[in-house]
Amino acid sequence: MDKIVISGGRPLYGDVQVSGAKNAALPVLTAALLTEKTCTFSNIPDLVDIKTIYKLLRNMGMQIEGEGTVELSGEKITDCVAPYDLVKTMRASILVLGPLVARMGQARVSLPGGCAIGARPVNLHIKALQDMGASVELHSGYIEAKADKLKGADIYFDLPTVTGTENIMMAATLAEGTTVLHNAAREPEIVNLADVLKGMGAKISGAGTDVITITGVTSLGAVEAAIIPDRIEAGTFMIAAGMTQGEINLLGCDPQHLDALINKLRDTGMTITPVEKGLKVSAGCKIHSVDVKTLPYPGFPTDLQAQIMAYMSIGSGLSVIAETVFENRFMHVSELMRMGADIVIQGGSAIVRGVPTLYGAQTMATDLRASACLILAGLVAQGTTEISRIYHLDRGYESIEKKFSALGADIRRVK
Ligand code: UD1
């Protein structure tokens, strides 16, 4: 199995191009299930999760051509099943549920089950479909949903769920009447999806706020659209600049999507300034420790919690990092501690006492963002860090070792 090997201690300098957002591309690709017409999407990142969604969609009869810019034709959908083998490797497979029920009147989707960062149920997706008149049963680990025609409804989400909001927004585009999503998630990826759906002829207002209104139409058509830049990848490189005492130009990012992080990083002493094509990000002389609390957008993203913890582990003081989105997202803590970090977990918070130096060690990635955290730690550690189980990394970061290497890091992939 592949490993990443890093010799730490080099400051990062130069330009890095931000890729298309995985979490925007996945729902947008499943939106192609809603129409018989051809959809063309550009800025699709080259990632394992994207290949997984292609496999799932092809199993359903979708024709998919191209890389980067991709054409999808769902003229004939022959199968409405998302099998366990694919769903277990990627929870976002649940995003086919809404589109399939809306267009095909049925779907059989494996329940995702637990994952490394917590139980992550999909009860809110199911409840919302039931509110729209679907019959939903659970059989042998599968969600079996049926509806001749979904009906518009007022949906109240207990929590602002990202993929739940996306699933039900897609389902509502072909429902009879108007659906209002209350306490909807507000992530930029939801706005990207809503724009794509509107391009297909859907009637949607309020995406990006916590109330989204969708009036169903009888059919949706072709669309050409681009995927937004990946704010989590961008954030990972910004933190890398701060940790390594470097200076990076982040090209093609959308600074508005990064407000919570930019504010936090400025508090740590970093300088972040807009430049023509993105952001210039420079380390401060000293790393001021700051407290962080993860929240749904526009709060600090849980998908950057592990990375900012790597940063705070070499801060000048004490940092309290509270994880409020997922109940078990501290798997990276024990690996960071093996590299010399001083961290105590108390309930949903990690108390991080900054240490002057991290030391290279053999480590193991436990999930996607934990892998990125270990890379960041390895970039500043004294000596050599080895990270195994990097298949997690390939799910969500495009050419990460090549991008870091181009910035001056001593990082390589070993087969
Ligand atoms: C999405 C992102 C993921 C990110 C997360 C939170 C994608 C493909 N993935 O995941 O990278 O970390 O948002 O920003 O976009 N919940 C329930 N019942 C449900 C649904 C969710 O209790 O039916 C809970 C979850 O357990 C979690 C919280 O709601 O505690 C938020 O989860 P959610 O926003 O749904 O995360 P995902 O959409 O799976």
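The rules behind the values
- Residues numbered from 1 in each chain as written.
- Predicted model: local features only at pLDDT ≥ 70, side-chain atom pairs only at ≥ 80, totals over all residues.
- Heavy atoms only, no water.
- Helix = DSSP H or I, 4+ residues; strand = E, 2+ residues; numbered from the N terminus.
- Rg over C-alpha atoms; globule rule 2.2 N^0.38 Å.
- Buried < 20%, exposed > 50% of the residue type's maximum accessible area, 1.4 Å probe, protein only.
- Areas by Shrake-Rupley, 256 points an atom, 1.4 Å probe, with all protein chains shown as cover.
- Domains from an automatic or database assignment.
- Buried area = accessible area lost by both parts, 1.4 Å probe.
- Pairing = 2+ DSSP bridges.
- Phe/Tyr/Trp six-rings, centres within 6.5 Å; stacked < 30°, edge-to-face > 60°.
- Lys NZ or Arg CZ within 6 Å of the ring centre and 35° of its normal.
- Near = heavy atom within 4 Å.
- Polar contact = N/O pair within 3.5 Å; in protein donor to acceptor, adjacent residues only side chain to side chain.
- Nonpolar A, V, L, I, M, F, W, Y, C, P; charged D, E, K, R; others polar.
- Contact = heavy atoms within 4.5 Å.
- Axes fitted to C-alpha atoms, helices over the stretch in contact; angles between N-to-C directions.
- 1 Å grid on protein atoms, 1.4 Å probe; cavity = no way out; pocket = protein on both sides within 12 Å on 5 of 7 lines; lining within 4 Å.
- Points joined across faces, edges and corners; volume = space filled by probe spheres on them.

(A) Main features of the overall build of the chain. Helices and strands together make up the secondary structure of the chain, namely 14 helices and 24 strands. Here the chain has a C-alpha radius of gyration of 21 Å; the compact-globule value for 415 residues is 22 Å, and the two agree. In terms of principal-axis extent, the alpha carbons of the chain reach across some 65 × 40 × 40 Å. The buried share of the chain, reckoned over its 415 residues, is 57%. Element-wise, carbon and sulfur atoms account for 48% of the exposed surface of the chain, whose accessible area totals about 16,200 Å².

(B) Main features of the domain arrangement of the chain. For the chain, the domain assignment lists domain 1 (3-19 + 229-414) and domain 2 (22-226). Centre-to-centre separation of domain 1 and domain 2, based on C-alpha positions: 30 Å. Interface area for domain 1 against domain 2, summed over the two sides, is near 1,700 Å², with a carbon-plus-sulfur share of 54%. Three residues stand out in domain 1 for area buried against domain 2, namely Y297, R395 and E398, and they jointly supply 32% of the buried area on that side.

(C) Representation of the pairing of strand β8 (residues 135-139) within the structure. Sheet topology places β8 next to strand β9 (residues 142-146); five bridges connect them, and they run antiparallel. Looking across to β9, one finds that V136 is bridged to A145.

(D) Examining the packing of aromatic side chains more closely. Under the definition given, this model contains one aromatic pair. Across the ring face of Y142, the terminal group of R108 is positioned such that the distance to the ring centre comes to 4.0 Å.

(E) Broad picture of the site of the ligand. Residues in contact with the ligand amount to 18 residues; listed here are only the nearest, N123, T161, T163, D303 and V325. Contacts to the ligand include N23, whose side-chain N or O atom sits 3.0 Å from an oxygen atom. Elements that contribute at least two residues to the shell around the ligand include exactly α5 (123-131) and α6 (162-173). For the shell around the ligand, the leading source of residues is α5, giving three residues. Classifying every residue of the shell around the ligand by side-chain character gives nine nonpolar, six polar and three charged. Both domain 1 (3-19 + 229-414) and domain 2 (22-226) contribute no fewer than three residues apiece to the shell around the ligand.

(F) Spotlight on the sheet that holds strand β18 (residues 292-293). Taken in spatial order, the four strands of this open sheet run β18-β19-β21-β20, and their pairing is mixed. Both edges of this open sheet fall to β18 and β20 (342-346), since each of them pairs with a single strand only. Note that β18 and strand β19 (residues 318-322) share two bridges and pair parallel. Bridge pairing in β19 links V292 to I321. The strands touched by helix α10 (residues 305-312) are β18, β19, β20 and β21 (349-353); relative to β19, the strand with the most contacts, the crossing angle is about 170°.

(G) Main features of the environment of A241. Residue placement: A241 occurs in helix α8 (residues 231-243). Sequence spacing of A241 and K280 is 39 residues, and the spatial spacing of their C-alpha atoms is 9.9 Å. Filtering out sequence-adjacent residues up to four positions away, A241 remains in contact with G246, I248, V281 and A283.

(H) The arrangement of the layout of surface pockets in detail. Here the second largest pocket defines a volume of roughly 180 Å³. As for the second largest pocket, its lining consists of 13 residues, and the residues nearest its centre are M243, T244, Q245, I314 and V380.

(I) Geometry of the sheet that holds strand β22 (residues 362-364). Across the sheet, four strands lie side by side as β22-β23-β1-β24; this open sheet has mixed pairing. Looking at which strands have only one partner, the edges of the open sheet turn out to be β22 and β24 (410-414). Here the average twist between neighbouring strands, direction ignored, is 20°. Pairing of strand β1 (residues 3-7) with strand β23 (residues 384-388), which is carried by four bridges, proceeds in the antiparallel orientation. Bridge pairing links I6 to T385 in β23. Sitting on the sheet, helix α12 (residues 368-380) is in contact with β1, β22, β23 and β24, with an inclination near 30° to β1.

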